[in-house]
Amino acid sequence: MVVPDTTFRTWLKNTEGVEISKTTLTVSAESIFAIEMLSQRLNTTINEALLQTSNKKLKLKYILNGLNVHQTQYLNHGEIRGTWSNPKYNFNSFITGKSNFLPYAASKKICELPGEIYNPYYIYANWGLGKTHLAQAIAKNLKTKGCKVISSTGESFTNEFVKSVRTNNSKIMEKYREADAFILDDLDFLVGKKQTIEMLIHIMNQLAVSGKQIILTSYNHPSKTHMPHRLISMIKSGLIVKINAPDSETTRKYIYKKLRSKKISISENVLDYISNKKFQSISEIEGIINTLIAHSDLLNSTINKEMVKSIIKDYKLDDLMDQTITEEKVFSCINYLFGIQTVDLQSRKNDRKTNFARHVAAYLLIEKSNFTTTQAGLKLGKRDHSTIIYSVNKIRKELLNNVELKQEIEKSLSFN
């Protein structure tokens, strides 16, 4: 049995068999993170190697280095107290690709060193892209490390704070100060609630000073949350990561894994056809998968391209463009379409033609090059956030009706 050298050095080199019985081999590893990788990703490989060398099937039991073989309390020592819990949400069920690998990797790293790095840890993304999934995966992993995890949604946190004020019972909020890890899902709910935000700041301060892990999720970058400067500064002192809309690789892996779990086959060309569509969220992909499964079952038919086309036509999905479209390509496209130079886009020229070309440029920088509004604004002559948002929304509406312009843009991007 052969594994890549990097896999061996990372996960297997520092493991050791510490006890063997008729049915079980106990293996020690250097961290909870290593135990998770061994048990979830390499368990089958290790079992096959054991069978080849000992000609016996043995159960594998993992413990931390330095623990007595019978000291396994760490597995159940921690706890999760909170307002949400979905058994499906764990690291193993999180499908990764270019659009979300950084948040996934950072979340795993936090579980290895809670409170020591990336603190506070802030995940933001549109609805349905996996913020809550990662937050719950972190919670479950930290529990196995013996951590006391307190989780809450923004709404529940607010309700508890209001109740504590009305009943003059400060103990209601004390549980958050006692956490080893505090997770707040949907920070946006607190916008405009000054006293609740003040309480959150005090709790975060105390946890940070104590070296406890803080995890926040939101739909927006902290600069766009309309939160007090003090809270934004605290958040920016940690790590901020964004989960982007699924790319082709992520979509493909997600569809394949879901259908495979249902023992439903799909051809490569049909899989390519679906994964080349631009989805806004994983939830949107999930909906299409469920519809495909239902059609396949009810019609007693395999999933084919005609079935897929009939299902997704109402979703009005664009084809997924090359995600590496550079700003140079965007400006080249604008010059090709309108004869407008980059210097004019960045100037204060305000004629109708230049304005429209500038709107299209802003749209392309945001939608095709994954620029932030701040970055796009700088590229277009230091335009502010609201100006860029206005341009993007204007062109989105325009393209819903102007099929010719949409085709010209796509053609220009493919040739420039």
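Residues numbered from 1 in each chain as written. Predicted model: local features only at pLDDT ≥ 70, side-chain atom pairs only at ≥ 80, totals over all residues. Heavy atoms only, no water.

S.K.: Explain the overall build of the chain residue by residue, including any values.
M.R.: When its secondary structure is counted, the chain shows 20 helices and nine strands. Here the chain holds 416 residues, and the buried ones make up 44% of them. In the chain, the proportion of contacts linking residues at least 24 apart, taken out of those at least 6 apart, comes to 73%. Carbon and sulfur atoms form 50% of the exposed surface of the chain, whose accessible area is close to 22200 Å². Computed over 58 positive and 40 negative side-chain charges, the separation of the two mean positions in the chain equals 2 Å. (Helix = DSSP H or I, 4+ residues; strand = E, 2+ residues; numbered from the N terminus. Buried < 20%, exposed > 50% of the residue type's maximum accessible area, 1.4 Å probe, protein only. Contact = heavy atoms within 4.5 Å. Areas by Shrake-Rupley, 256 points an atom, 1.4 Å probe, with all protein chains shown as cover. Lys, Arg positive; Asp, Glu negative; His and termini not counted. Charge placed at Lys NZ, Arg CZ, Asp CG, Glu CD.)

S.K.: Outline the pattern of salt bridges, supporting the account with residue identities and numerical values.
M.R.: Inspection of every chain in the model, using the stated rule, returns 12 salt bridges. Of the charged contacts, one joins Glu 268 and Arg 252 as a salt bridge, the two residues approaching to 2.2 Å between their closest N and O atoms. Placement of the pair is Glu 268 in helix α12 (residues 268-275) and Arg 252 in helix α11 (residues 248-261), with a sequence separation of 16 residues. Residue Arg 252 is classed as partly exposed on the basis of its relative accessible area, which comes to 23%. The partner of Lys 379 in a salt bridge is Glu 327, with the nearest N and O atoms 3.1 Å apart. With a gap of 52 residues between them, Lys 379 in helix α18 (residues 373-379) and Glu 327 in helix α15 (residues 327-338) connect regions that are remote in the sequence. Judged by relative accessible area, which is 21%, Glu 327 ranks as partly exposed. (Salt bridge = Lys/Arg side-chain N within 4 Å of Asp/Glu carboxyl O.)

S.K.: Can you break down the side chain of Thr 158 residue by residue, with the values?
M.R.: Mapped onto the elements, Thr 158 comes out in helix α7 (residues 154-166). Judged by its relative accessible area of 5%, Thr 158 falls in the buried class. When near neighbours in sequence (up to four residues on either side) are disregarded, Thr 158 contacts Phe 189, Leu 190, Lys 193 and Thr 196.

S.K.: Lay out the side chain of Ser 391 in plain terms, naming residues and giving numbers.
M.R.: Tracing the chain through its elements places Ser 391 in helix α19 (residues 385-401). Contacts of Ser 391, omitting those with residues within four sequence positions, involve His 359 and Ala 362.

S.K.: Describe the sheet that holds strand β6 (residues 148-153), naming the residues involved and giving the relevant values.
M.R.: Taken in spatial order, the six strands of this open sheet run β4-β6-β7-β8-β5-β9, and their pairing is parallel. Because the sheet does not close on itself, it has two edges, and the strands there are β4 (79-81) and β9 (239-242). With strand direction ignored, the average angle separating the axes of adjacent strands in the sheet is 15°. Alignment of strand β5 (residues 121-124) against β9, held across four bridges, turns out to be parallel. In the sheet register, Tyr 122 faces β9, and the bridge partner there is Ile 240. (Pairing = 2+ DSSP bridges. Axes fitted to C-alpha atoms, helices over the stretch in contact; angles between N-to-C directions.)

S.K.: I'd like a description of the packing of aromatic side chains, backed by residues and values.
M.R.: In total, this model carries eight aromatic pairs according to the counting rule given. Relative to Phe 356, the ring of Phe 338 has its centre 5.9 Å away and its plane inclined at 75°; by these criteria the two rings are edge-to-face. Placement of Phe 338 in helix α15 and of Phe 356 in helix α17 (residues 352-367) is noted, with a sequence separation of 18 residues between them. Since its relative accessible area comes to 14%, Phe 338 is described here as buried. One aromatic cluster is present, built from ring pairs that chain together Phe 91, Phe 94, Phe 101 and Tyr 104. The lysine or arginine in question, Lys 193, covers the ring of Phe 189, its NZ or CZ lying 4.5 Å from the ring centre. (Phe/Tyr/Trp six-rings, centres within 6.5 Å; stacked < 30°, edge-to-face > 60°. Lys NZ or Arg CZ within 6 Å of the ring centre and 35° of its normal.)

S.K.: With reference to specific residues and values, describe unusual backbone geometry.
M.R.: Note that the residue after Asn 119, namely Pro 120, is joined by a cis bond; omega there is 0°. Tracing the backbone through its elements, the reader meets Pro 120 in the loop between α5 (101-112) and β5. The backbone phi angle of Lys 263 is positive, close to 60°, even though this residue is not glycine. Along the chain, the position of Lys 263 falls in the loop between α11 and α12. Not every positive phi belongs to a glycine, and Asn 300 is a case in point at roughly 50°.

S.K.: Which residues make up α5, and what are the values?
M.R.: Over its 12 residues, α5 extends 17 Å from the first C-alpha to the last, a length consistent with the 16 Å expected when each residue adds 1.5 Å. Considered for burial, the residues of α5 that qualify are Pro 103, Tyr 104, Ala 106, Ser 107, Lys 108, Ile 110 and Cys 111. (Expected span 1.5 Å × (residues − 1).)

S.K.: Outline the state of the cysteines, supporting the account with residue identities and numerical values.
M.R.: Simply put, disulfide is the name for a covalent bond between the sulfur atoms of two cysteines. A complete count under the given rule lists zero disulfides for this structure. Among the cysteines around Cys 111, which has no disulfide bond, Cys 147 carries the closest sulfur, lying 8.7 Å off. When its relative accessible area of 1% is taken as the criterion, Cys 111 is described as buried. (Disulfide = S-S within 2.5 Å.)

S.K.: Could you give an account of the nonpolar core, with specific residues and numbers?
M.R.: When a protein is soluble and globular, its nonpolar side chains tend to lie buried together. Of all hydrophobic cores here, the largest spans 27 residues; its most connected members are Phe 157, Phe 182, Leu 187, Leu 200 and Leu 231. Ranked by the residues each element gives to this core, the list is headed by helix α9 (residues 194-209), at seven residues. Residue contacts for Leu 200: discarding those within four places in its chain leaves Phe 157, Phe 182, Leu 184, Leu 187, Leu 190 and Leu 231. By size, the runner-up hydrophobic cluster in this structure holds 26 residues, among which are Ile 325, Ala 357, Leu 365 and Ile 409. (Core = buried A, V, L, I, M, F, W, Y, C linked by side-chain atoms within 4.5 Å.)

S.K.: So what about the packing of α9 against helix α10 (residues 229-236)? Which residues, and what values?
M.R.: Contact geometry for α9 and α10: axes closest at 10 Å, N-to-C directions at 35°. Handedness of the crossing formed by α9 with α10: left-handed. Listed contacts from α10 to Ile 197, Glu 198, Leu 200, Ile 201, His 202, Met 204 and Asn 205 of α9 are Arg 230, Leu 231 and Met 234. (Left-handed = near helix turned anticlockwise from the far one by under 90°.)

S.K.: Could you give an account of the pairing of strand β8 (residues 213-218), with specific residues and numbers?
M.R.: Each regular strand shows side chains that alternate between the opposite faces of the sheet. Most of β8 is tucked away: six of the six residues are buried. On β8, burial covers both faces: Gln 213, Ile 215 and Thr 217 on one face and Ile 214, Leu 216 and Ser 218 on the other are all buried. Sheet analysis places strand β7 (residues 181-185) next to β8, joined by four bridges and oriented parallel. Pairing of Phe 182 across the sheet is with Ile 214, part of β8. For the segment spanning β7, α9 and β8, crossover handedness is right-handed. (Right-handed = clockwise from strand over helix to strand, strands pointing away.)

Geometry only, nothing functional implied.
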